[in-house]
Amino acid sequence: MESSEDDGGEPLSRLAEWRDVTPLPQDDGPNPVAPIAYKEEFRETMDYFRAIYKADERSPRALRLTRRAIHLNPGNYTVWHFRRLVLEPLNSDLDEELDFIQRIANSNSKNYQLWHHRRWVVERLGTNVRAKELHLIKSILSLDAKNYHAWSHRQWVLQALGGWEDELDYCQQLLEEDIFNNSAWNQRYFVVTRSPFLGGLTAMRASEVRYTVEAILANPNNECPWRYLRGLYKDDIESLVNNHEISSVCLKPCQEFRDAVVALWTSDSLPLDPDLATAICGILEHVDSMRASYWIWRKNKLPVAA
Amino acid sequence: MADASFGFSTLQMGELAIGKHVQYILSVEKKKDSFESVVMDHLRMNGAYWGLTTLDLLGKLDSVNADEVISWIMTCQHESGGFSGNIGHDPHILYTLSAVQVLALFNKLDVLDIDKVATYITGLQNEDGSFSGDMWGEVDTRFSYIAICCLSILRCLDKINVEKAVSYILSCKNLDGGFGCTPGGESHAGQIFCCVGALAIMGSLHHVDKDLLGWWLCERQVKSGGLNGRPEKLPDVCYSWWVLSSLIMIDRVHWIDKEKLVKFILDCQDLENGGISDRPDDAVDVFHTYFGVAGLSLLEYPGLKAIDPAYALPVNVVNRIFFGR
């Protein structure tokens, strides 16, 4: 079992335990350039790590050393690799390993190596840690609800270990906190289409349309529910177009705000096009001028009004 | 004086401080005496690619000692054929691509045992067509792009199962037309670049809904003119590459406001010390310096070499690889 990570930061060269090891300095290659001045603790730790790595020593002290090195530089992927090589033969307590990773994650939540190492550990622990994992990811998402790594890990846990039952509710909760959270909308789609408890997209479509329409009405300027709506009818655009509930939502703001649409049309020389879709594209060409070319293209794609 | 085709006027916009950026990169490459550089020592291979490609785009690749760099690169190659981020590190597909790209910059691909590198990469393709980053098995569409780009540069793309590689990437396509890291993963501009780039290299862009994706990508441009990577996120100079190159590969770059993007990138420069940051007034780094300059190159900013949007290498380097020495 590993001793506490807080070994007091004692220089390794002063510890009896490391007396038999010759630390290896950084090799800058056959044509060394200007000498490097390292921060002392970092330099020393890495010198000892290099010695252990080269000797392929898979011992308890090697394990402690990788912990120290990871604290100093969690981006160093080689140290994470070596730690895995050491963890296995030592039959280490992997639950403790999860706690260790979590402490590093607190200030390094976007580190690829950390998340991959976590996955490796969870794979070995299995469904027993499912609840703990889902809980941990929730706590990281509570600090940054769009952390891409956390979401990717969450999707993997659900697919590898299950735990789908509460996921739709979780998405609901996140969207209540921030209806603009694209990651939560993406997760919602993930759950609706893949959860073994919900019956798939076709079964869920009606209730999801209702939910999405509500979201659109609450914030019509939110791009997420509009795209989500399209996604619900992925291979079946006919049904989307023929859905009365949807078309009334899409046309409602347009009819209600027709005056606003007219007011936005600032050209004195050109009349507002009688076809609403064309008129809107014309307006957006000016109001959303960064994407003028897009709106011109969109306008040209519209079916010619009868 | 205005450039008629793009309406650029030197009276209206700031300038790219080329000299300062060259100085900045050379100082990072040569004198690694800052703690920041030391903690990035494990990804020095990536840093070399970012720094040297930028120098080449600025016409200053000859400022470095090619032989020194090449011999260092070769000492990073392992028995398996893969390259590590630096001496004393494990091989990984990330650094293997950067190594090959840097050798391509120096027109020194012939120092490689191509079969050896190809064997390393083909060994990383999984049953479902995806690619792992290394022996530890992490899967991500980033690695698909890396494998395909690397093998293409080495002219041996046929050594992998291209059909399965394509189908895996397509399984990562989302309802918004974009792509994520794995099937079901949220669309993200970086992942989109990787998937679109890989499909482009494999001649499979017809699978992409260019109008749908083009719209998603052009919506990344925010008021300041910068680009974000996902809806409702902050702009970052690195997306000037990932979003822009994707738009170019699918022929929809006219859907954004190029002039405003140029201005955003130029505003991210540190005009005193050189280098470019993620957004105006933040600290600079080589990563964002590369993406800012590469983005400006894609926007045809004057004085820069052209860069290939799929290979992320100067066009003349790509031509040299595919059309003769």
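Residues numbered from 1 in each chain as written. Chains lettered and ligands numbered in written order. Predicted model: local features only at pLDDT ≥ 70, side-chain atom pairs only at ≥ 80, totals over all residues. Heavy atoms only, no water.

**Q** Even after reading the chapter, I still don't get the interface of chain B and chain A, so can you show me in this structure?
**A** Opposite the 59 residues of chain B that make contact, chain A presents 47 residues. Buried surface at the junction of chain B and chain A, summed over both partners, amounts to about 4900 Å²; 55% is from carbon and sulfur atoms. Inspection of the chain B/chain A interface yields two salt bridges. The closest approach of N and O atoms between A:Glu223 and B:Arg220, which form a salt bridge, is 3.3 Å. For the pair chain B and chain A, the interface holds 26 residue pairs in polar contact (both at pLDDT 80 or more). Elements that contribute at least two residues to the side of chain B that touches chain A include exactly α2 (35-39), α4 (66-75) and α10 (210-218) of chain B. With five residues, α10(B) is the largest single contributor of residues to the side of chain B that touches chain A. A class-by-class count of the residues in the side of chain B that touches chain A yields 17 nonpolar, 20 polar and 22 charged. (Contact = heavy atoms within 4.5 Å. Buried area = accessible area lost by both parts, 1.4 Å probe. Salt bridge = Lys/Arg side-chain N within 4 Å of Asp/Glu carboxyl O. Polar contact = N/O pair within 3.5 Å; in protein donor to acceptor, adjacent residues only side chain to side chain. Helix = DSSP H or I, 4+ residues; strand = E, 2+ residues; numbered from the N terminus. Nonpolar A, V, L, I, M, F, W, Y, C, P; charged D, E, K, R; others polar.)

**Q** Before we go on, may I ask you to explain the pattern of salt bridges in this structure?
**A** A side chain of one charge can pair with a side chain of the opposite charge when the charged atoms of the two come close. All names here are of chain A. Under the counting rule described, the total for this entry stands at 29 salt bridges over all chains. Here Arg124 ties to Glu88 by a salt bridge, and the two come within 3.7 Å at their closest N and O atoms. On the criterion of sequence distance, the pair formed by Arg124 in helix α5 (residues 112-125) and Glu88 in helix α3 (residues 77-90) is long-range, its members being 36 residues apart. In this structure Glu88 comes out as partly exposed when scored by relative accessible area, which is 48%. A salt bridge links Lys132 to Asp99; the nearest nitrogen and oxygen atoms lie 3.3 Å apart. You can see Lys132 sitting in helix α6 (residues 130-143) and its partner Asp99 sitting in helix α4 (residues 94-105), a full 33 residues away along the chain. Connected through shared salt-bridge partners, Glu40, Arg43, Asp47 and Arg50 make up one network. (Buried < 20%, exposed > 50% of the residue type's maximum accessible area, 1.4 Å probe, protein only.)

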